Amino acid sequence: MRIPVIAALGGVFLSSLAVAAGSPADLSAQWLTEGGKSRVEIGACSNAPTQLCGKIVWLREPTNPDGSPKVDKENSDETLKKRPILGLQMLRGFKWDGEKWDDGYIYNPEDGKEYDSVIRIKGPGELEVKGCVLFICKRQAWTDPKKGS
């Protein structure tokens, strides 16, 4: 009788680990983008707590040469061109599919465009962030600066 109970408890434990691996809390941190230009704070979306979102919280060069804060000047929507880059939501809507965060979107303030995106955990303190248009994709490695990567 003990073996089936132990096996059942083991199955519950393993399934809870699988669910925990897909929690937004797993990636909740500030991540340094490739090249070190910015940091993006990733966490649960405020309107969908099981999904991942992220906003820009630090820029290596936060101001223009004239001292004014950098704004979203490349955005095609005229009403958004003056919003500050700091605090800008860059990631939205990522859902855990069992092995990666998928079905999300990444906004690139350098060209003012949004791309389909996937985030994979590559190792402790390292993410692979991929943005795609149709079948053309670009990958970046983001690191957790607290992990010393």
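Note that residues are indexed from 1 along each chain, following the sequence as it is written. Since the coordinates come from a predicted model, pLDDT governs what is reported: local features require at least 70, and pairs of side-chain atoms require 80 or more to be given and counted, while whole-chain, interface and lining totals use all residues. In computing side-chain values, all of the structure's heavy atoms are included and hydrogens and water are not.

### Section: the confidence of the model for the protein chain
Note the following rule: A score between 0 and 100, pLDDT records how confident the predictor is in each residue. Residues are treated as being in contact if the distance between any of their heavy atoms lies within 4.5 Å.
For the protein chain, per-residue confidence averages 86 on the pLDDT scale, and residues scoring 70 or more make up 84% of the total. Within the model, pLDDT remains below 50 along residues 1–20, and this stretch shows two contacts once partners closer than five positions in the same chain are excluded.

### Some remarks on the state of the cysteines
The condition that has to hold: We call a pair of cysteine sulfur atoms a disulfide whenever their separation is within 2.5 Å. Three labels apply to residues, based on accessible area from a 1.4 Å probe with only protein chains included: buried if under 20% of the type maximum, exposed if over 50%, partly exposed otherwise in between.
The tally for this structure, following the rule as stated, stands at two disulfides. Between the sulfur atoms of Cys132 and its disulfide mate Cys137 the distance is 2.0 Å. Taking the sign of the S-S torsion, about 110 degrees here, the bridge from Cys132 to Cys137 comes out right-handed. Judged by relative accessible area, which is 14%, Cys132 ranks as buried. Cysteine pairing in the protein chain follows 1-2, 3-4, where each cysteine in a disulfide is numbered by its order in the sequence.

### Notes on the nonpolar core
For clarity, the cut-off: Buried residues of nine kinds, namely Ala, Val, Leu, Ile, Met, Phe, Trp, Tyr and Cys, make up a nonpolar core once their side-chain atoms join them within 4.5 Å. Secondary structure counts use DSSP, requiring at least four H or I residues in a row for a helix and at least two E residues in a row for a strand, with both numbered from the N terminus.
With 21 residues, the main nonpolar core has Leu27, Ile42, Leu91, Ile119, Leu127 and Trp142 as its most contacted residues. Mapped onto this core, the elements with two or more residues apiece are β1 (29–32), β2 (38–44), β3 (52–59), β4 (89–96), β5 (101–108), β6 (113–123) and β7 (126–133). When residues no more than four places from it in sequence are discounted, the contact partners of Leu127 are Leu27, Trp31, Ile42, Ile119, Arg120, Ile121, Lys122, Gln140, Ala141 and Trp142.

### Remarks on the environment of Ser28
Here Ser28 shows up in the loop between α1 (2–21) and β1. The exposure class of Ser28 is partly exposed, given its relative accessible area of 42%. Sequence separation between Ser28 and Ala44 is 16 residues, and the spatial gap between their C-alpha atoms is 7.6 Å. Ignoring any residue separated from it by four or fewer positions in sequence, one finds Ser28 in contact with Ile42 and Gly43.

### Topic: the side chain of Ser38
For Ser38, the position within the fold is in strand β2. The exposure class assigned to Ser38 is buried, which follows from its relative accessible area of 9%. When residues no more than four places from it in sequence are discounted, the contact partners of Ser38 are Trp31, Leu32, Thr33, Ile56, Trp58 and Leu59.

### Topic: the pairing of β6
The test is simple: Two strands make a pair as long as DSSP finds a minimum of two bridges between them.
The pairing of β5 with β6 spans six bridges and is classified as antiparallel. Its bridge partner being in β6, Gly104 is matched across the sheet by Ser117. Hairpin connection, β5 to β6: the antiparallel pair is bridged by four residues, and Gly112 has positive phi, about 70 degrees. In this sheet, β7 lies alongside β6 in antiparallel orientation, the contact comprising seven bridges. Note on β7: the bridge partner recorded for Gly123 is Glu126. What sits between β6 and β7 in their antiparallel hairpin is a turn of two residues, with Gly125 showing a positive phi close to 75 degrees.

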